[in-house]
Amino acid sequence: MTNPVTIIMIEDDEGHARLIERNIRRSGVNNEIIPFTNGTAALDYLFGKDGSGLDHKGNALLILLDLNLPDTTGIDILKRVKENKYLKTTPVVVLTTTDDSHEIKRCYELGCNVYITKPVNYESFANAIRQLGLFFSVIQVPPAAT
């Protein structure tokens, strides 16, 4: 039996975070969502007390990552997660306002699984997140490396 997937949402805009969670729920995804408003707290959680990432061994995580954070960049978080032997298989969905083609390419080169540019229009944004929730309901997420 597999563990349920825990969604780690790293989003500094509280309005966006509420919209993301509400529309993921509307799509029928009831997984636990652990929100972080800055990269430092998210990294502390992901890498645990000893900084190794071992705390999440065997847990299935999925990271929703904004690139524009107040204290560190989403790029740095993505890089650290994908370089970690315990967390590297964790799917990372970049969900950001940045639509620069170089930034998109860089995220994929670093190992992001999906890159989504947040639509500016509220209804389009809500619809995109509902579709993302449907995607979450069908994908298979591996547990952190053992």
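Structure report, in brief.

### Description of the nonpolar core
Within soluble globular proteins, side chains that are nonpolar tend to cluster in buried spots. Counting residues in each nonpolar core, the largest one holds 23 residues, and the members touching the most others are I8, I10, L46, I63, L65 and C107. Those elements that provide at least two residues to this core are β1 (6–10), β2 (33–36), α2 (39–47), β3 (61–65), α3 (74–83) and β4 (92–96). When sequence neighbours within four positions are dropped, the list of residues in contact with I8 reads I34, F36, Y45, L46, L61, L62, I63 and L64. Counting 22 residues, the second-largest nonpolar core is a separate cluster that includes V5, I116, F136 and V141.

### Some details on the environment of L43
Assignment of secondary structure puts L43 in helix α2. Here L43 falls in the buried class, since its relative accessible area comes to 11%. For the pair formed by L43 and G53, sequence separation is 10 residues and the distance between their alpha carbons is 9.3 Å. Discounting chain neighbours no more than four positions away, the residues touching L43 are G48, I77 and R80.

### Concerning the pairing of strand β5 (residues 114–117)
Strand direction decides the pairing type here: β4 and β5, joined by four bridges, are parallel. Bridge pairing links L95 to I116 in β5. Crossover β4 to β5 through helix α4 (residues 101–110) is right-handed.

### With respect to the sheet that holds β3
The five strands lie next to each other as β2-β1-β3-β4-β5, forming an open sheet whose pairing is parallel. A strand with exactly one partner marks an edge of an open sheet, and here the two such strands are β2 and β5. Averaged over all pairs of adjacent strands, the angle between strand axes in this sheet comes to 15°, irrespective of strand direction. The sheet contacts of α3 involve β1, β3 and β4, and relative to β3 the element is tilted by about 160°. Packing against the sheet, α4 makes contact with β4 and β5, and its axis sits at approximately 155° to β5.

What counts and what doesn't
Residues numbered from 1 in each chain as written. Predicted model: local features only at pLDDT ≥ 70, side-chain atom pairs only at ≥ 80, totals over all residues. Heavy atoms only, no water. Core = buried A, V, L, I, M, F, W, Y, C linked by side-chain atoms within 4.5 Å. Buried < 20%, exposed > 50% of the residue type's maximum accessible area, 1.4 Å probe, protein only. Helix = DSSP H or I, 4+ residues; strand = E, 2+ residues; numbered from the N terminus. Contact = heavy atoms within 4.5 Å. Pairing = 2+ DSSP bridges. Right-handed = clockwise from strand over helix to strand, strands pointing away. Axes fitted to C-alpha atoms, helices over the stretch in contact; angles between N-to-C directions.

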